[in-house]
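Tertiary structure, described
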Amino acid sequence: MTIMPADTATKPKWLDDKTQSLMDRAIAREKALSAMLMTYILTGLLFMLLPGTFLGVWNLISISKLQAAEAISPGWIQAHGHAQIFGWVATFILGIGFYSIPKLRKMKPFSLWRAWVCWGIWTVGVLLRWSVTVWPWHWQMLLPAASLLELVAFLLFFITIGPAHSATDGPSKPWEAWIYAVILATSGLMLSLVLQVLESFSLARQGASLAFPHEFDQKYLVVSTWGFLVPMVWGFSARWLTVFLGLRPLRSKLLLAALAANTMGVIAALFGYFALATIVLLLGGIGAALAIGFFEPSVKKPKVAGIHVSFPFFVRFGYVWLVVAGALGIWAEFNGTLSPGIWGASRHALTVGFIAAMVFSVGQRILPSFCGMRVLASPKLMFAGLALLMLGCTLRVASEICAYQGYAAWAWKVLPISALIEMTAVTIFAINLAWTFIRPPVVAPGPLQMYVE
Ligand code: HEM
C-alpha cells in the first residue's frame, strides 16, 4: 500500500464531502494525540536526565568517595528513585496509555483536555515530590500535597481510559493475556501512589524526617518495581514483542501463571514475607520469559526496519537481567547478614538492566511512528545507547556487590565509571528521541495523505 503525498494524489471519485470531512477530523485528532504523546515523552526524558540520572550519578560518586553506602541522605536516594520510576517511566506509560489504549480497545474518542490536565497535575506533583525531598522546605505540607497531586493525576487517567469505558463496536471479545498484565500493572501503580499518600501524611504528622523509613521503603519499592513496572513491561512484550521479534505464539496460560506468581510475590513482600516473595518473584520472571519465548529462536524474521538490527538481542538481554535481578533478590534475602550491596545490585539489575533496556528498545521501536509517523533519527545511536547501558549495568551490578559487601576494595573505583557510562547511555537515548521528534514526519500529515494507490 502506497501513501500518496497531499500534492501528488488525485481525489478519488468515491470520496464525497462528508467522507472528506470525517477524514480531516481523523487526521486532526491523530495530530493532536501525537503532540500530546510527544509532550509526555519529552517530560519523561527531562525527569530521566536531571532529577533521575544526574542525581543518581552524584549519589554514587559521593558513596564511592566515602566508601560507605549509608553515607548520603536517604532522602536524596529516594528522590532519585522516584524521579526514575515515576518521573521517567510512569510519565512515558501515561502518555502511551492515553495514545494507544483507546485505539486498542476501540473506545469512543475522549476529550483531549483530560490528557493535558493529567500531564499538568502529574508533572507538578512529581517535580514537587522530588524538589521537597532534596530541599525540605515546608515539607510537612508540600510532601503530602505532592503525593496527592500524583494520585489525582493518575485517577484522571484511570477514569478517562479505564475499565468503565466499553468498546464502541459489537460484543466485547474475551481478554487476551497481555490485558491482564496491563491491568495488574495499573493496579500496582495505583497501590504505589496510595501507599505514598498514606506514608507522606504519616511522616508529616510525626514531623521528624521526610525520608521513608527503611522497612517501609523496601516494601514500597517492591510494589512500585515488581508490582507496577514489571507486569507493564510483560504486557507490552506480550502485545508487541512477539510480533516485532517474530516469536512463536504466546503461551497465554503460562503468562497468566507468571502474573499470578508475581502478584503473590508483591503481596508477600508487602506483608513482610521477603523469603517467599523473592522466590516467587524469580519464578514469575522465568515463567514470563518462557511464556513469551524470549529464550527460543525467532520463527519469523524480526521487524527491524528503521531501527538497529541488534534490537532482538537487547530485548533478550533485558529478560536475562530480569532473571538475574530475581536471583540476586534471593541471594540478598538468604545471605544471613545485612546485604545492602546485593539488594542494590538486584534493584539496578531490574531497573537499569531490564526496565531501562526495554524502554530503550521498545520505545525507539514504537514511539517514532506513534509520534506523527516519524522514523528513528539514528539506528546507530540506538545501538550505542543500548550497548553502553548494558556495559554500565554489568559493571554497576558486579562492583556494587563487591564494594558495598566489602568483598573487594578496587570495586569502589569501578562504581563511578559505571555511573558515567550509564549516564552517557541515557543521554544518547534522550538525544536520539528528541532528534527524532524535531525532524519532519516521513509522511506529512494532511487531508489527502490517506488516499492510497
Ligand atoms: C542511570 C544510572 C543510575 C545511577 C548512577 C543510579 C544510582 C543509584 C544509587 C547510588 C542509588 C542508591 C542505592 C544504591 O547504591 O543501590 C540508587 C537507588 C535507586 N535507584 Fe538508581 N541509578 C541509576 C539508574 C536508575 C534507574 C534507571 C532506575 C529506575 C528506572 C533507578 C531506580 C532506583 C531506585 C528505585 C533506587 C532506590 C531508591 C530508594 O532506596 O528508595 N535507578 N540509584
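Before going into details, it helps to say that this report is about the structure given with it. These figures come from a predicted structure and were not determined experimentally.

**A short note on the overall build of the chain**
Summing up its helical and strand segments, the chain has 12 helices and zero strands in all. Reading the helices (α) and strands (β) of the chain from amino to carboxyl end gives α-α-α-α-α-α-α-α-α-α-α-α. Seen through its principal axes, the chain has C-alpha atoms that stretch 75 × 50 × 40 Å. Burial status across the chain gives 55% buried among its 453 residues.

**Things to note about the side chain of Ser237**
Here Ser237 shows up in helix α6 (residues 214–244). Ser237 gets classed as buried once you look at its relative accessible area, which sits at 1%. Within polar-contact distance, the side chain of Ser237 engages the backbone oxygen of Val233 at 2.7 Å.

**Thoughts on the state of the cysteines**
As enumerated under the stated definition, the model contains zero disulfides in all. Take Cys118: it sits in no disulfide, and the sulfur closest to it among the cysteines is that of Cys371, at 16 Å. No disulfide involves Cys402; its nearest neighbouring cysteine sulfur is the one of Cys393, lying 14 Å away.

**Remarks on the packing of helix α11 (residues 379–404) against helix α12 (residues 411–438)**
When two helices pack together, their arrangement is given by the angle between their axes and by how far apart the axes lie. Following both chains from N to C, one finds α11 and α12 inclined at 155 degrees, their axes separated by 7 Å at the closest point. Between α11 and α12, the crossing angle belongs to the class labelled roughly antiparallel. Seen along the crossing, α11 lies across α12 with a hand that is left-handed. A class-by-class count of the residues in the contact of α11 with α12 yields 19 nonpolar, six polar and three charged.

**Focus on the site of the ligand**
The full set close to the ligand counts 25 residues, and His80, Asp217, His348, Glu400 and Tyr404 are the nearest of them. Measuring from a nitrogen atom of the ligand, one finds a side-chain N or O atom of His80 at 2.8 Å. Here Asp217 contributes a side-chain N or O atom positioned 2.8 Å from an oxygen atom of the ligand. For the shell around the ligand, the elements supplying multiple residues, two or more each, are α1 (17–66), α2 (74–104), α6, α10 (340–370), α11 and α12. Of the residues forming the shell around the ligand, the biggest block, seven residues, is contributed by α2.

**Things to note about the nonpolar core**
Ranked by size, the top nonpolar core spans 124 residues in total, and within it Trp234, Tyr319 and Phe354 carry the most contacts. With 17 residues, the top contributor of residues to this core is α10. Leaving out residues up to four positions away in the same chain, Tyr319 has contacts with Val233, Trp234, Ser237, Ala289, Ile292, Phe294, Phe295, Phe354 and Met358.

**Focus on the coordination of the iron atom of the ligand**
Summarising the metal site, the iron atom of the ligand is bound by the protein donors His80 (NE2) and His348 (NE2), whose distances to it range over 2.0 to 2.1 Å. Coordination at the iron atom of the ligand comes from six donor atoms whose angles at the metal span 86 to 178 degrees, giving a geometry best classed as octahedral. In this pair, His80 sits in helix α2 while His348 sits in helix α10, placing the two residues 268 residues apart along the sequence. Under the relative-accessibility criterion, His348 is labelled buried at 15%.

**So, unusual backbone geometry**
The phi torsion at Gln67 lies on the positive side, around 50 degrees, for a residue other than glycine. As for its placement among the helices and strands, Gln67 is situated in the loop between α1 and α2. What makes Gln67 partly exposed here is its relative accessible area of 46%. Here the phi dihedral of Lys106 falls at roughly 50 degrees; this positive angle occurs in a residue that is not glycine. For Lys106, the location among the structural elements is in the loop between α2 and α3 (112–134). For Lys106, a relative accessible area of 46% gives the class partly exposed.

Rules used throughout
- Residues numbered from 1 in each chain as written.
- Predicted model: local features only at pLDDT ≥ 70, side-chain atom pairs only at ≥ 80, totals over all residues.
- Heavy atoms only, no water.
- Helix = DSSP H or I, 4+ residues; strand = E, 2+ residues; numbered from the N terminus.
- Buried < 20%, exposed > 50% of the residue type's maximum accessible area, 1.4 Å probe, protein only.
- Polar contact = N/O pair within 3.5 Å; in protein donor to acceptor, adjacent residues only side chain to side chain.
- Disulfide = S-S within 2.5 Å.
- Axes fitted to C-alpha atoms, helices over the stretch in contact; angles between N-to-C directions.
- Parallel < 35°, antiparallel > 145°, perpendicular 65-115°, else oblique.
- Left-handed = near helix turned anticlockwise from the far one by under 90°.
- Nonpolar A, V, L, I, M, F, W, Y, C, P; charged D, E, K, R; others polar.
- Near = heavy atom within 4 Å.
- Core = buried A, V, L, I, M, F, W, Y, C linked by side-chain atoms within 4.5 Å.
- Contact = heavy atoms within 4.5 Å.
- Donors = N, O, S within 2.8 Å, 3.2 Å for Na, K, Ca; no water.
- Tetrahedral: all angles 85-135°; square planar, octahedral: opposite > 155°, others 65-115°.

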